[in-house]
Structures are given as C-alpha cells and as structure tokens.
Amino acid sequence: MHYICVPAYNERAAIGRVLDRTRAAMERRGYPYRVLVYDDGSTDGTADIAEGYAASMPVTVIRGGVNRGLRAGMEALLRKAVELSAGGDDVAVMLEGDDTQNPEQIFRMADRITEGFDVVVASRFRRGARVVGLPAARRALSLGGALVMKLLFPNKGVSDYTSGFRAYRTAILAAAFDRYGGRLIEGREFSCASELILRLGGMGAIVAEIPIVLRYDRKGGVSKMRVARNIFSTLAMLVRLRVALWTERPPHRR
Ligand SMILES: Nc1nc2c(ncn2[C@@H]2O[C@H](COP(=O)(O)OP(=O)(O)OP(=O)(O)O)[C@@H](O)[C@H]2O)c(=O)[nH]1
Ligand SMILES: [Mg+2]
C-alpha cells in the first residue's frame, strides 16, 4: 500500500493538479494507494477542493485547525500513514501540494524500498536531476545547505538533505516514532525535512536517492518558505542534532 502524504497550505492553485496527476499515475499502474492531505488553516479553500476529490479517488483530508507550520503537518501525516499501515510493510511518500513534484517518480522510489532501502530521496544533486525554473539564489541556498549537512552528517546514501520528496518504509517510521515520540521532528520552519533524515540516518536507516525532476515553473501559489528564518532554524537544528547523535548509540544496524 502507498500512502501519499501531501502537506497543503493555501494551495488552491495547485492542489487539484496534484491530485489529478497522482490518480492518473497510480491508476495507470494499478498501484494500491491512498492520498492523505493535511491542511491546517488554509484560507483559500484548499481543503474543500481536496475533499471534492474523495468521490473519485481514495483521498483523506485531515483538517489540522489553526496553522502550526510544516513541521506539525509532516508529523501528523507520517503518524497517520504509520497508523493506517498498522504494522504492515507499506510505503509512505511525502509529496508537495504545489505541483512542483511529479507523482510518476513515486514508482522508482517505491521500487528501491522493495529492494531493501528504508528511505528514498528524490534528489536535486544526483546525475540526471532536472530542476526547471528555480531561481539561482534558491539553487545556491539548497546547494550550500547540502554541503554543510554532508560535512556534519556524512551519509553515503544522501546528497540532498532538504528535498522533502521522499519515500519511507512505514516500519522505519514506526520505529522512529517509538524511539523519539514527539521529539522525532522538533525543528522549526523547513528544517523539519532535514532533521527527519538525519534522525533516521542516526538510527541506521539505509537511504537511496533518485534524480528528481523538479518543475518549479509549474508552481502554483506562493512559497511558504521564510528563507532567513529557515537558515537560522536549520543551523540551530544541526547543532542540536550533532550533540544529540554524539551522545546516542544507534539501536540497531543491519
Ligand atoms: N499543512 C501545511 N502545509 C504547509 C505549511 N507550510 C508549507 N506547507 C506545504 O508544504 C509544502 C512545501 O512548502 P513550499 O511553500 O512549497 O516550500 P518549498 O517547497 O520548500 O519552497 P518552494 O521551493 O518555494 O516551493 C507545500 O505543499 C506547502 O503547501 C503549513 O504550515 N501547513
Ligand atoms: Mg514547494
């Protein structure tokens, strides 16, 4: 089973396209799937639009109430996927609601999970990756962030620590929630994505990557990323995690 987890905040312009593409891709391959959309406080009717799709595809909309940022959305979605998986060996995919990512890439990621990997990242820094329409400043920021993280947390499977487009084995997420509970993802702003992969790496998760096709030219709506705040929260997270992982012993290694 594939749980496609979509955090969506004011994505009126794009959420319909994301659901259309996901349904077309999954049904063309006959993949068992359910889309989970988490909306906490959109003011543009995003959740209503997503709910309108429930008649024609397996989609569950979780209304999170007052907006609490991407971190809360990511945690709620991954916990829901683990809960629905109920101990099964399923796949949870994080897919953005702004239509910049391609659901067709889910198959390659799911295949790598079937091959034995615990996490698969759609990376901007793998050979064959295509990033269309992303401003140069954002490219530089992502590359700089990746280099700093690679230095502090070398993991041979990871080149892109901040790409949120990933597939996770639900069993590794369940183990991580058991171990860390509400502390699994603590970072503010958008550092939550990198924090999660660093924590899972620290637990011995085996990570693979595929080259992403990122269509920033298709982006609906505005970016919710507050760049300066994100840089500070990421640096704070890196220090906190470096200290934490120095003091922790990995629970298991394959
Ligand atoms: N539920 C929820 N979703 C959020 C929140 N903030 C961002 N998101 C969603 O998380 C995804 C990533 O946010 P984006 O604004 O696209 O951030 P980004 O991809 O890092 O930046 P861009 O490159 O500008 O797209 C999108 O689907 C957003 O709708 C939030 O507070 N609550
Ligand atoms: Mg985005």
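Relevant structure appears above.
In this text, all values refer to a predicted model and were calculated from it rather than measured experimentally.

**Quick look at the pairing of strand β3 (residues 59-63)**
It is a general feature of regular strands that their side chains alternate between the two faces of the sheet.
In step 1: Looking at chain direction, strand β2 (residues 33-39) and β3 are connected through five bridges and run parallel. Directly across from Y38, in β3, lies its bridge partner I62.
In step 2: In this fold, the crossover linking β2 to β3 by way of helix α2 (residues 46-52) has right-handed handedness.

**Remarks on helix α7 (residues 191-202)**
In step 1: The end-to-end C-alpha distance of α7 is 16 Å, a good match for the 16 Å that twelve residues give at a rise of 1.5 Å each.
In step 2: Positive phi appears at G204, one or two residues downstream of α7, with a value of about 95°.

**Here's the deal with the sheet that holds strand β8 (residues 207-211)**
In step 1: Spatially, β3-β2-β1-β4-β7-β5-β8 is the arrangement adopted by the seven strands of the open sheet, whose pairing is mixed. Edge positions in the open sheet fall to β3 and β8, since each of these has one partner strand only. Geometrically, the sheet is characterised by an average inter-axis angle of 20° between neighbouring strands, direction not taken into account.
In step 2: In terms of strand pairing, strand β1 (residues 2-7) meets β2 through six bridges, oriented parallel. What sits directly across from V6, in β2, is V37.

Calculation criteria
Residues numbered from 1 in each chain as written. Chains lettered and ligands numbered in written order. Predicted model: local features only at pLDDT ≥ 70, side-chain atom pairs only at ≥ 80, totals over all residues. Heavy atoms only, no water. Pairing = 2+ DSSP bridges. Helix = DSSP H or I, 4+ residues; strand = E, 2+ residues; numbered from the N terminus. Right-handed = clockwise from strand over helix to strand, strands pointing away. Expected span 1.5 Å × (residues − 1). Axes fitted to C-alpha atoms, helices over the stretch in contact; angles between N-to-C directions.

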